Amino acid sequence: MSQQDTSELPVTPPASDIVPEAGVTSVSDGGGQSRRPLARPWAREVAVLAGFVAAGVAACWPRATFITGSMPMDSRQAPLDVWSLWWVAHQIVHLANPWSTTHLAAPVGIRLGFDTLMPLAGAVLAPVTLVFGPSASYNLLGIVTPGLGAYAMYRAARLWLPGWTGPIAAGAFFGLSGMLASQDWEHLHTALGAAFLPLTLEAAVRLRRDPVPRRAIILGLAVGASILVDQEAAVLAVILAVLLLAPWLVRSPGAARLRAVTLGAVTAVVVAGPQLLAMALAAGPGGPRRPPTANYVHFAAELPAIFAPSPRLASYGLAGLGSIYQSHRSFELIATFGAVLTAMAVLGLVVTWRRPGSKGLALLWLGSAVLALGPTLFLNGRPLVPLAASWHGLRVSLLMPYTWLIRLPGLSSFREADRFALLGLVGAAMLAGAGVDWLRRRTWPLVIVVAALGATAVGESFAHDLLTNVFWYGIAASSLIFLSAYGGMVSLAQVSLYGISAFVLGNTVTSGQVKGLHLGYDPWVGIVLAIVITTVIGLLLGAVASRSAGIYFLMITLAFAVLTSTFFGSVTNISGFSGISGME
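Here is what the cut-offs are and how they apply
Residues numbered from 1 in each chain as written. Predicted model: local features only at pLDDT ≥ 70, side-chain atom pairs only at ≥ 80, totals over all residues. Heavy atoms only, no water. Helix = DSSP H or I, 4+ residues; strand = E, 2+ residues; numbered from the N terminus. Contact = heavy atoms within 4.5 Å. Areas by Shrake-Rupley, 256 points an atom, 1.4 Å probe, with all protein chains shown as cover. Buried < 20%, exposed > 50% of the residue type's maximum accessible area, 1.4 Å probe, protein only. Arc of directions from axis to C-beta. Core = buried A, V, L, I, M, F, W, Y, C linked by side-chain atoms within 4.5 Å. Salt bridge = Lys/Arg side-chain N within 4 Å of Asp/Glu carboxyl O. Phe/Tyr/Trp six-rings, centres within 6.5 Å; stacked < 30°, edge-to-face > 60°. Lys NZ or Arg CZ within 6 Å of the ring centre and 35° of its normal. Axes fitted to C-alpha atoms, helices over the stretch in contact; angles between N-to-C directions. Left-handed = near helix turned anticlockwise from the far one by under 90°. Nonpolar A, V, L, I, M, F, W, Y, C, P; charged D, E, K, R; others polar. Parallel < 35°, antiparallel > 145°, perpendicular 65-115°, else oblique. Pairing = 2+ DSSP bridges. Expected span 1.5 Å × (residues − 1). pLDDT = per-residue confidence, 0-100. Polar contact = N/O pair within 3.5 Å; in protein donor to acceptor, adjacent residues only side chain to side chain.

Novice: Can you help me understand the overall build of the protein in this one?
Specialist: The helix and strand inventory of the protein stands at 24 helices and 6 strands. For the protein, the share of sequence-separated contacts (at least 6 apart) that also reach a separation of at least 24 residues comes to 72%. Element-wise, carbon and sulfur atoms account for 69% of the exposed surface of the protein, whose accessible area totals about 28000 Å².

Here's what the structure looks like:
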C-alpha cells in the first residue's frame, strides 16, 4: 500500500469504532541496499526515538541539570519517588520483598501495595541507583519519560496515519504536551504510566488484525507492566483495551479471538501478579485509610479550562491567555488539551471524517474529557450540580458520567477524575496528527507555525530561550533568502530593522526607572506599533534602495545599518548604546 496519500487508504472491515484496520505497510527497497543512513527501518526508528528524547529533554528543562544527583525541590512527590527507587534496588540486592517495609512506621512496618512504588522502573534502573544513587535514577527517568511517551504514541499513530509527518506530530502532541510535562515534574509515576496507553493501543490493534498468541502476549505484557508502574494509568489502559477488544469480540465471536484475548488477560495477570497480590494484602485488615470522598471533586477538570490555552503561556508575557485555565489544585495535573492541540484535533476530525476510526477517536477524546470533569460541573470556577444527589456524604450530579463510573465494582477508588484527560489525550493526539499531515500536504509552512505554537505549551526557561532564538534567526534567515534567492539582492540592513522594531517595543511597554519614553502601553499595543513603524521604515528604505543593484544596493543598505546604529546609540532618551532594560 502506498504511503503517499491519506485520502487513498484502502478501506478494510474496521476492527472497532476507535482505530481502523487500515495500516501502513513497510516500503520495499526492491532488493537493493540503499546507502542512505536511514534506509534501514531500525535506523529510522532509532533516529525518531533519539529525536523525541532530545525534544523531551528540552521540554522538561532544567531537569537535565539535576542528573548529577541533586533533586528538584519544588515537587511534593519527588522525595517519595526517590525513596521508592532506592528501596526497590535495595530489596533486589538483598533478595527481599519490595512491597513491604519496616523502615516506615517502625517497628510494625507497612505494606506498599497501594504506594507509588514503581517496582518495574525501580528494577530496570537498579544498576543506576546502586552506582550513582536514587536521585540520579529519578532524574534520568524524568528526562527520558516525555520522549518515551512521544515515541510510543508515534508507533501507535503509524497504524492509522500514513507517512511520517502525521505520526511524528501525534507523538509530539502526546509526549511533549503540557499535560504530560506537568506530570513529569509533579507525579513522575503517572507520566511514566501514561506512556503505556499508546503501547496498549498499538498492541490491541495489532492483536485484532492478527489474533496470534505472540501478539496476545505482547498486549498482556503492556497492560501488566503498566500495573507495575502506576495503578491509575493501568486502569486507563484496561479501559482502553476493553474499548478496543469488546466490539471486536461481539461483532465476530470466534474461538481464535477468544483464546487470544484470554491469553492476553492471563499474561497481564501473571506479569502484574506480585503487585496485585501486594494490593490484595494491603487492602486487608489494618490496610490503608480510605482517602476522603472530597477528592472526587477536588481532583477534577473544569470547563472551559480543559480546552483552554496552557497556563504556561503566562511565561511568555501572555498572562491573559494563560489565566483562562483554572484548576482546583495548583499542584495537580494541568488538565487541559491546549488550544493548539484542540484546534488541530478538530481539523483532523474534519479531514478524516469518512475514514474508519476517526469518529471513535473523537469519542475517546471527548468522552474522556467529560469523565475528567468529575461528579460535578465547574464552569469558570463556579460549581454546578444539576440533578444533585448524595453519595457517601458527597453532593454529586446524576448528569455527570463520572458519577456512575465510580459506582462500578473496582472503580470507586479511582478518585482523581482529571486522570481521564490523559486517556483523552491519546485520541486527541491521533486526530491532531491527521490534521498536521493534512496541512503538510497543502500549506506546509503552517506546520512550522503549529510546531512553534505547540512548544509554548510545554517549555520552561530553556525552551523559552530556544524558541525565541528560533523565531529571531528564522525571520532573519527567511527575509535574506527571499531577497537573495528571488530578488538577487543582498541586504545588510536586516538587523537594523530588527533594532528599530525592538526599540519601538521597548519604549512603548516599559515604565519606571529605566531608559526610554516610559509609555507603559499594553504589550500587544507595543507589538502592533513596532510592526507598523518598522514596516513603514522598511518600505521607505526599499523604495530608495531598490532603484540600485549590485554593489550600489549593498552599500546603500550598509549605510542605513550604520545610520540606524549611530542614531539609537546617540539618542539616549530612547536608547543609548547600552539599550533598554526592564523588559521580561
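Still more to cover.
Novice: When you look at unusual backbone geometry in this model, what are you seeing that I'm missing?
Specialist: With the exception of glycine, the majority of residues adopt a negative phi angle, and the majority of peptide bonds are in the trans configuration. Residue proline 304 follows leucine 303 across a cis peptide bond; omega there is 0 degrees. For leucine 95, which is not a glycine, the phi torsion comes out positive at approximately 50 degrees. Note on placement: leucine 95 falls in the loop between helix H2 (78-93) and strand E1 (100-101).

Novice: Would you explain helix H13 (residues 273-282) in this entry?
Specialist: For the α-helix, the turn length of 3.6 residues means that residues three or four positions removed from each other point alike. Within H13, burial applies to Gln275, Ala278, Met279 and Ala282. With its buried residues spanning 100 degrees around the axis, H13 presents them on a single face. Opposite its buried face, H13 presents the exposed residues Leu277 and Ala280, each directed more than 90 degrees away. Residues of H13 that are buried sit in contact with strand E2 (110-111), helix H3 (119-124), helix H10 (213-227) and helix H11 (231-251).

Novice: Looking at this structure, how should I read the nonpolar core?
Specialist: It is characteristic of soluble globular proteins that their nonpolar side chains tend to be buried jointly. Met153, Phe173, Leu201, Phe337, Tyr402, Phe420 and Leu431 are the most contacted members of the largest nonpolar core, which totals 80 residues. Once residues lying within four places of it in the same chain are set aside, the contact partners of leucine 431 are Trp160, Met344, Ala345, Gly348, Leu349, Thr352, Ser358, Leu361, Ala362 and Trp365. Core analysis: the next-biggest nonpolar cluster, separate from the first, contains 13 residues, Leu85, Leu125, Leu188 and Val229 among them.

Novice: Would you mind showing me how to read the pattern of salt bridges here?
Specialist: Any two side chains of opposite charge can pair, on the condition that their charged atoms come close. Within this structure, the stated rule accounts for 8 salt bridges. Between glutamate 45 and arginine 155 there is a salt bridge, and its shortest N-O distance comes to 3.8 Å. One end of the pair, glutamate 45, is in helix H1 (residues 41-59); the other, arginine 155, is in helix H5 (residues 134-157), with 110 residues separating them in the sequence. Across the pair arginine 419 and glutamate 416 runs a salt bridge, and its minimum N-O distance is 2.9 Å. The buried category is assigned to glutamate 416, whose relative accessible area is 17%. Salt bridges sharing partners connect three or more residues here, namely Glu45, Arg155, Glu202 and Arg206.

Novice: Would you take a moment to explain the environment of glutamine 275 for this structure?
Specialist: Position of glutamine 275 among the secondary structure elements: in helix H13. Residues glutamine 275 and proline 98 lie 177 residues apart in sequence; the distance between their C-alpha atoms is 10.0 Å. When neighbours within four sequence positions are excluded, glutamine 275 is seen to be in contact with Trp99, Gly113, Pro119, Ile227, Leu228 and Gln231.

Novice: Is there a simple way to explain the environment of leucine 519 in this structure?
Specialist: Along the chain, leucine 519 falls in the loop between helix H22 (494-509) and helix H23 (523-545). Accessibility expressed as a relative area gives 35% for leucine 519, which makes it partly exposed. In this structure the C-alpha to C-alpha distance between leucine 519 and threonine 508, which are 11 residues apart in sequence, comes to 4.9 Å. Beyond its immediate sequence surroundings of up to four residues, leucine 519 is in contact with Asn507, Thr508 and Thr510.

Novice: Sorry, what's going on with the packing of aromatic side chains here?
Specialist: Any pair of aromatic rings gets described here by the distance separating the centres and the angle formed by the planes. Under the defined criterion, the tally for this structure stands at 13 aromatic pairs. Between tryptophan 83 and tryptophan 87, the aromatic rings sit 5.5 Å apart at their centres with planes inclined by 10 degrees, giving stacked as the arrangement. Taken together, the residues span about one helical turn, with tryptophan 83 and tryptophan 87 both in helix H2 at a distance of 4 residues. Owing to a relative accessible area of 2%, tryptophan 87 belongs among the buried residues under this scheme. Ring geometry for phenylalanine 307 and tryptophan 365: centres 6.1 Å apart, planes at 80 degrees, overall edge-to-face. Of this pair, phenylalanine 307 sits in the loop between helix H14 (295-298) and helix H15 (319-322) while tryptophan 365 sits in helix H17 (residues 358-372), placing them 58 residues apart in sequence. The exposure class assigned to phenylalanine 307 is partly exposed, which follows from its relative accessible area of 29%. Overall, tryptophan 365 belongs to the buried group, its relative accessible area being 3%. In this structure an aromatic cluster arises from ring pairing among Phe52, Tyr151, Tyr154 and Trp164. Here the basic side chain of arginine 355 rests over the ring of tryptophan 160, its NZ or CZ set 5.1 Å away from the ring centre.

Novice: Teacher, can you tell me more about the packing of helix H6 (residues 165-175) against helix H19 (residues 420-442) here?
Specialist: The relative placement of two packed helices is expressed as an angle between their axes plus a distance between the axes. Two numbers describe how H6 lies on H19: the axes approach to 7 Å, and their chain directions differ by 145 degrees. Seen from above, H6 lies across H19 with right-handed handedness. Along the contact surface, H6 presents Thr165, Gly166, Ala169, Ala170, Phe173 and Phe174, while H19 presents Leu422, Leu425, Val426, Ala429, Met430, Ala432, Gly433, Val436, Asp437 and Arg440. Residue classes in the contact of H6 with H19 are distributed as 11 nonpolar, 3 polar and 2 charged.

Novice: Quick question: what am I supposed to make of the packing of helix H12 (residues 255-271) against H13 here?
Specialist: In the contact formed by H12 and H13, the axes pass within 4 Å of each other and the chain directions differ by 65 degrees. Relative to H13, H12 is oriented roughly perpendicular. Contacts between H12 and H13 involve Val269, Val270 and Val271 from the first element and Gly273, Pro274 and Leu276 from the second. Of the residues that constitute the contact of H12 with H13, the class distribution is 5 nonpolar, 1 polar and no charged.

Novice: Please explain the pairing of strand E6 (residues 394-397) as it appears in this structure.
Specialist: Within a regular strand, side chains alternate between the sheet's two faces. Sheet topology places strand E5 (residues 388-391) next to E6; 4 bridges connect them, and they run antiparallel. The partner of alanine 389 across the bridge, within E6, is valine 396. In this structure, the hairpin formed by E5 and E6 is closed by a connection of 2 residues, where histidine 392 is found at a positive phi of approximately 55 degrees.

Novice: Any chance you could explain helix H24 (residues 551-570) here in plain terms?
Specialist: Compared with an ideal rise of 1.5 Å per residue, which puts 20 residues at 28 Å, H24 spans 28 Å between its outermost C-alpha atoms and is within 8% of the ideal. Regarding H24, the residues found buried are Phe553, Thr557, Phe560, Ala561, Thr564, Phe568 and Gly569. Buried residues of H24, viewed axially, fall in a sector of 155 degrees; they line one side. Across H24 from its buried face, at more than 90 degrees, point the exposed residues Tyr552 and Leu563.

Novice: Would you mind showing me how to read the confidence of the model for the protein here?
Specialist: A low pLDDT means the predicted coordinates there should not be read in detail. Overall, the predicted model of the protein reaches an average pLDDT of 80, with 80% of residues at or above 70. Low pLDDT, under 50, characterises residues 1-17; the predicted model gives this stretch 41 contacts beyond four residues in sequence or across chains. Note on residues 20-34: pLDDT under 50 across the span, and 30 contacts to partners over four residues away in sequence or across chains.

Novice: Got a minute to help me understand the environment of arginine 407 in this structure?
Specialist: Along the polypeptide, arginine 407 turns up in the loop between helix H18 (401-405) and H19. When neighbours within four sequence positions are excluded, arginine 407 is seen to be in contact with Trp391 and Leu398. Engagement of the side chain of arginine 407 in a polar contact is seen with the backbone oxygen of threonine 403, the distance being 3.5 Å.

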